[in-house]
Amino acid sequence: MTRELLTGNAAAAWGARLADVDYVPAYPITPQTEIIETLARWIGEGSLAARLVTLDSEHSMLTAAGAAAATGARVFTATSSQGLLYALEMLYSVAGWRVPLVLVNVSRGVSAPITLEPDHDDVLAARDCGFLQIHAATAQEVLDSVLLAHRLAEDPDVLLPVLVNLDGFHLSFTREPVEIPDVAAARAFLPPYAPEHARFGASHAMAQGVAVLGGSAYSFFRYQMHLAAEAALERHEALAAEFAERFGRRYGLLEAHHLDDAEHVLVMSNSMSGVGLAEVERLRAAGQRVGLLRLRVIRPFPQQELRRLLGGRRAVGVIDQNLSIGKGGILFAEVASALAGPGAPALCSFVSGLGGRRFQAGEFDRMLESLRRAEREGGSPEPELLWTDTEQRRIGELLRVAGRGFGEETGGAA
Amino acid sequence: MKLASRVISRSAFLSGAWVQDSPLYGAERRGAPVVASVRIAEEPIVERGTIGEPDALLVLDASLFGQAEAAVLEGVGPEAVLLLNAAEPADSLQRRFALPGRVLGADLSSLALEILGSATPSAPAAAFAVRALAIASWEALEAALRQELTEVGIEGPRLEQNVVCARRAFDQAPVVGFPPQRARASAASRPMVVPRLPAREAAPSILAPGNTERRSTAGWRVFRPEIDLARCTRCALCFALCPEGAIRLAADATPWIDSVHCKGCLVCVHECPTGAIVAVREAGA
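Quick caveat, the model's predicted, so the values are computed rather than measured.

Caption draft 1: Main features of the overall build of chain B. Scanning chain B for helices and strands turns up 8 helices and 9 strands. Considering only contacts in chain B between residues 6 or more positions apart, those separated by 24 or more positions represent 63%. On chain B, roughly 14700 Å² of surface is accessible, and the fraction owed to carbon and sulfur atoms is 54%. Mean positive and mean negative side-chain charge positions of chain B (29 and 31 charges, respectively) differ by 4 Å.

In structure tokens form, the structure reads like this:
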């Protein structure tokens, strides 16, 4: 075990290296490119025995990844934002082939308008395709999750590809101390992939046909994917327990902080939940009984576990770093549906962090006030965008520079 | 800036601290402002993202204070320590830009020019900050510097020059340490509901005739090219090769440089066949 400063991107590359992947189809996009650059350097130096191929698009990249995985190769690839959306058609196809591979997505808000900084509209657009999704919050968790993801994807009860998500910038380009497992320990946890059912070689030529026409057969096989994803809940817990035994770090489907006596709980995902934790601990120090729950495995969605942890709380607020245009926070809707029924807490929906927007001072205090109000007056599914007069003034200045008026009725400078 | 931040954080890491460093930049281009954040703690760090209210601020280009859109002082409170790379004395800069906090200055670009031959002050800036803020010993700093510079391909004599340069900056830095209390900016924002704009005004588009010429990029320069017309043969190579189109020709082919849009890349200085174009250091750069 070595302790080193790694960016989230370098941690993802280390995960692939320790997984001893065979094949890396690649296409660059900020803020992901450092991952494939790092793997390319290692392959060039001879410290990773894999084949890296640059493709002409993310669509081709995912096709190559799925095809290689179908031959029994261990496959790793990575993309971000527009790249993930461009590959979306193939995400559905590859998942339907029931082949294991690991795809890292480095979250970046989608265009237009353009940004390089993170939110989760990209990764959540892929939530229904059959890829399992693990959302990591630290560089250490990125490395560990890539190892876990390969094991989970290759599990005979699962055989679905797994997407590991990390935030651009806040995690991808952020260095922090990471424990890099020894090669031998990683190999013991993740032995070489040698599936009996999919072997391909010069003397073992095979063709794979995936053809089903008609609703009943289609329904059956699509639902098999759903059942496999549900089975992955249990398999993840077993693998996480084994991982904890070997490496001393335990990853749950959800990550609970200060929930024991919490009356009010905020639900977050990904790296900005670290900011949430610091704020929750500050509120706790001031005597507030507030807790934090981080959604880690988002597909399969751990509905039972979520009900167990949040049922009976007075109020729950979901902070979505995404926006379903015309509906609101995506994860709010998922959490709300999981909690629906007798005894459900009052619910609030907050949206923050779009395109990397930072939390402003005092916003967690105000969200807690909203939860108290919801507890008294009932919750609401309407999203509340966290927004301040300072930001509004800045938008006014930008519009003025762009030659637009910014009328008093909309200027709203409080 | 990113390299300086990495040297600072690794110095602390090698001294046993928990650290986190992160650069933030938009579309990469020469001269664009870059900000990097470093957090140092005795315990694991859970916060992340750009630091909103820094305890200390290291500014490598003091001309950014004059650019409102760079918002260099946003969130900088009166307890903060400001470390400035500038030829102009720190107290003069503090008066001129009404800088808050405790301000220390050093002419690190000139030091880098003297020892490295280029205005690339990452190593001395990191050393100045590590010493001024009492982050780590020289030994930890030197080890961090060697590792970080090697990782970006700076080796051999160039690496040794950077170490010498860093040592000079380290030795000239007064030790003030971090402020005793976490720095806090006073101005708090108030929450508000986002107003809905009329649909035709709500798109993030600018529909106007081209306007990039209104943007001055003069502040990007460390050196500006100057043409000695007595030695100029009017060959027009500089005009043809300027990547910014910032060199124009008069009717008789005499070149002149648009000093508002020249970014100081010095391609013209390198390409002029008679050596008629020389690089002159900008005051304050």
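Caption draft 2: Just the domain arrangement of chain A, in detail. Residues and elements named next belong to chain A. The domains assigned to chain A are domain 1 (2–193 + 212–247) and domain 2 (254–390). Using only C-alpha atoms to locate each centre, domain 1 and domain 2 end up separated by 27 Å. Buried area between domain 1 and domain 2, summed over both chains or domains, comes out near 2100 Å², and the portion from carbon and sulfur atoms is 51%. For the pair domain 1 and domain 2, the interface holds 4 salt bridges. Between Glu141 and Arg294 there is a salt bridge, with its nearest N and O atoms 2.7 Å apart. Our count for the domain 1 to domain 2 interface comes out at 19 residue pairs in polar contact (both at pLDDT 80 or more). Of all the elements in the fold, those that place two or more residues in the side of domain 1 that touches domain 2 are helix H6 (121–124), strand E6 (132–135), helix H7 (139–154), strand E7 (162–167) and helix H9 (215–247).

Caption draft 3: Broad picture of the nonpolar core. If you look at the biggest cluster of nonpolar residues, it comprises 101 residues, and the most contacted ones within it are Phe76, Val104 and Phe131 of chain A. Ranked by the residues each element gives to this core, the list is headed by H7 of chain A, at 9 residues. Excluding its chain neighbours within four sequence positions, the residues that come into contact with Val104 of chain A are Ala12, Ile35, Phe76, Thr77, Ala78, Thr79, Val146, Val164 and Leu166 of chain A. Of all hydrophobic cores here, the second largest spans 43 residues; its members include Leu108, Ala127, Val130 and Ala166 of chain B.

Caption draft 4: Focus on the pairing of strand E11 (residues 290–295) of chain A. All names here are of chain A. Within E11, 6 of the 6 residues are buried, leaving the element largely enclosed by the surrounding structure. Burial along E11 is two-sided: the face carrying Val290, Leu292 and Arg294 and the face carrying Gly291, Leu293 and Leu295 are both buried. With 4 bridges joining them, strand E9 (residues 254–257) and E11 adopt antiparallel strand pairing. By the bridge assignment for E11, Ala256 is matched with Leu293. As judged from the 6 bridges shared by strand E10 (residues 264–269) and E11, these two strands associate in the parallel manner. Note that in E11 the partner of His264 across the bridge is Val290. Handedness of the crossover joining E10 and E11 through helix H10 (residues 273–285): right-handed.

Caption draft 5: How the structure looks around the domain arrangement of chain B. Residue and element names in this part refer to chain B. Domain assignment breaks chain B into domain 1 (2–181) and domain 2 (216–281). Here the C-alpha centre of domain 2 lies 33 Å away from the C-alpha centre of domain 1. Contacts between domain 1 and domain 2 engage 10 residues on the former and 8 residues on the latter. Counting every contact that joins domain 1 to domain 2 gives 1 residue pair in polar contact (both at pLDDT 80 or more). Residues of the side of domain 1 that touches domain 2, tallied by class, amount to 2 nonpolar, 4 polar and 4 charged.

Caption draft 6: Geometry of the sheet that holds strand E5 (residues 102–107) of chain A. Residue and element names in this part refer to chain A. With mixed pairing, the 5 strands of this open sheet are ordered in space as E4-E5-E7-E6-E12. Two strands in the sheet have a free side with no partner beyond their single neighbour: strand E4 (76–79) and strand E12 (297–299). The mean inter-strand angle of the sheet, taken between neighbouring strand axes irrespective of direction, is 25 degrees. Strand direction decides the pairing type here: E4 and E5, joined by 4 bridges, are parallel. Its bridge partner being in E5, Ala78 is matched across the sheet by Val104. In the packing of helix H3 (residues 58–70) onto the sheet, contacts are made with E4 and E5, and the angle to E4 comes to roughly 160 degrees.

Caption draft 7: Structural detail: the packing of helix H1 (residues 2–14) of chain B against helix H5 (residues 138–151) of chain B. Residue and element names in this part refer to chain B. Relative to each other, H1 and H5 sit at 135 degrees, their axes nearing to 8 Å. Between H1 and H5, the angle falls in the class oblique. Crossing of H1 over H5 shows right-handed handedness. Packed against H1, whose contacting residues are Leu3, Arg6, Val7, Arg10, Ser11 and Leu14, the element H5 presents Ala140, Leu141, Ala143, Ala144, Leu145, Gln147, Glu148, Leu149 and Glu151 at the interface.

Caption draft 8: Representation of the environment of Val280 of chain A. Residue and element names in this part refer to chain A. Inspection of the secondary structure puts Val280 in helix H10. Judged by its relative accessible area of 0%, Val280 falls in the buried class. For the pair Val280 and Leu163, spaced 117 residues apart in sequence, the C-alpha to C-alpha distance is 29 Å. What Val280 contacts, discounting residues up to four positions off in sequence, is His258, Val290, Gly291 and Leu292.

Caption draft 9: Local environment of the side chain of Glu334 of chain A. All names here are of chain A. Within the secondary structure, Glu334 sits in helix H12 (residues 330–339). Residue Glu334 is classed as buried on the basis of its relative accessible area, which comes to 13%. A distance of 3.4 Å separates polar atoms of two side chains, one belonging to Glu334 and the other to Arg127. Residues in contact with Glu334, not counting those within four places in the same chain, are Arg127, Arg299 and Phe301.

Caption draft 10: Structural context of the sheet that holds strand E4 (residues 81–85) of chain B. All names here are of chain B. The strand order across the open sheet formed by 3 strands is E3-E4-E5, and the pairing between neighbours is parallel. The two strands at the open ends of the sheet, each matched to only one other strand, are strand E3 (56–59) and strand E5 (102–106). Adjacent strand axes in the sheet meet at a mean angle of 15 degrees, parallel and antiparallel pairs treated alike. As judged from the 4 bridges shared by E3 and E4, these two strands associate in the parallel manner. The residue of E4 that forms the bridge with Ala56 is Val81.

Caption draft 11: Layout of the environment of Thr150 of chain B. Its location among the elements puts Thr150 of chain B in helix H5. Within the structure, the side chain of Thr150 of chain B is placed 2.5 Å from the backbone oxygen of Arg146 of chain B, a separation counted as a polar contact.

Caption draft 12: Examining the interface of chain A and chain B more closely. Contact residues are listed per partner, giving 41 residues for chain A and 37 residues for chain B. The contact between chain A and chain B buries some 3400 Å² in all, and 55% of this surface belongs to carbon and sulfur atoms. If you look at where chain A meets chain B, you find 6 salt bridges. With its nearest N and O atoms 2.9 Å apart, the salt bridge here joins Asp21 of chain B to Arg175 of chain A. Taken together, the connections running from chain A to chain B amount to 14 residue pairs in polar contact (both at pLDDT 80 or more). Sorting the residues of the side of chain A that touches chain B by element identifies strand E1 (2–7), strand E8 (175–180), H10 and helix H14 (389–401) of chain A as the ones contributing at least two each.

The rules we used
Residues numbered from 1 in each chain as written. Chains lettered and ligands numbered in written order. Predicted model: local features only at pLDDT ≥ 70, side-chain atom pairs only at ≥ 80, totals over all residues. Heavy atoms only, no water. Helix = DSSP H or I, 4+ residues; strand = E, 2+ residues; numbered from the N terminus. Contact = heavy atoms within 4.5 Å. Areas by Shrake-Rupley, 256 points an atom, 1.4 Å probe, with all protein chains shown as cover. Lys, Arg positive; Asp, Glu negative; His and termini not counted. Charge placed at Lys NZ, Arg CZ, Asp CG, Glu CD. Domains from an automatic or database assignment. Buried area = accessible area lost by both parts, 1.4 Å probe. Salt bridge = Lys/Arg side-chain N within 4 Å of Asp/Glu carboxyl O. Polar contact = N/O pair within 3.5 Å; in protein donor to acceptor, adjacent residues only side chain to side chain. Core = buried A, V, L, I, M, F, W, Y, C linked by side-chain atoms within 4.5 Å. Buried < 20%, exposed > 50% of the residue type's maximum accessible area, 1.4 Å probe, protein only. Pairing = 2+ DSSP bridges. Right-handed = clockwise from strand over helix to strand, strands pointing away. Nonpolar A, V, L, I, M, F, W, Y, C, P; charged D, E, K, R; others polar. Axes fitted to C-alpha atoms, helices over the stretch in contact; angles between N-to-C directions. Parallel < 35°, antiparallel > 145°, perpendicular 65-115°, else oblique. Left-handed = near helix turned anticlockwise from the far one by under 90°.

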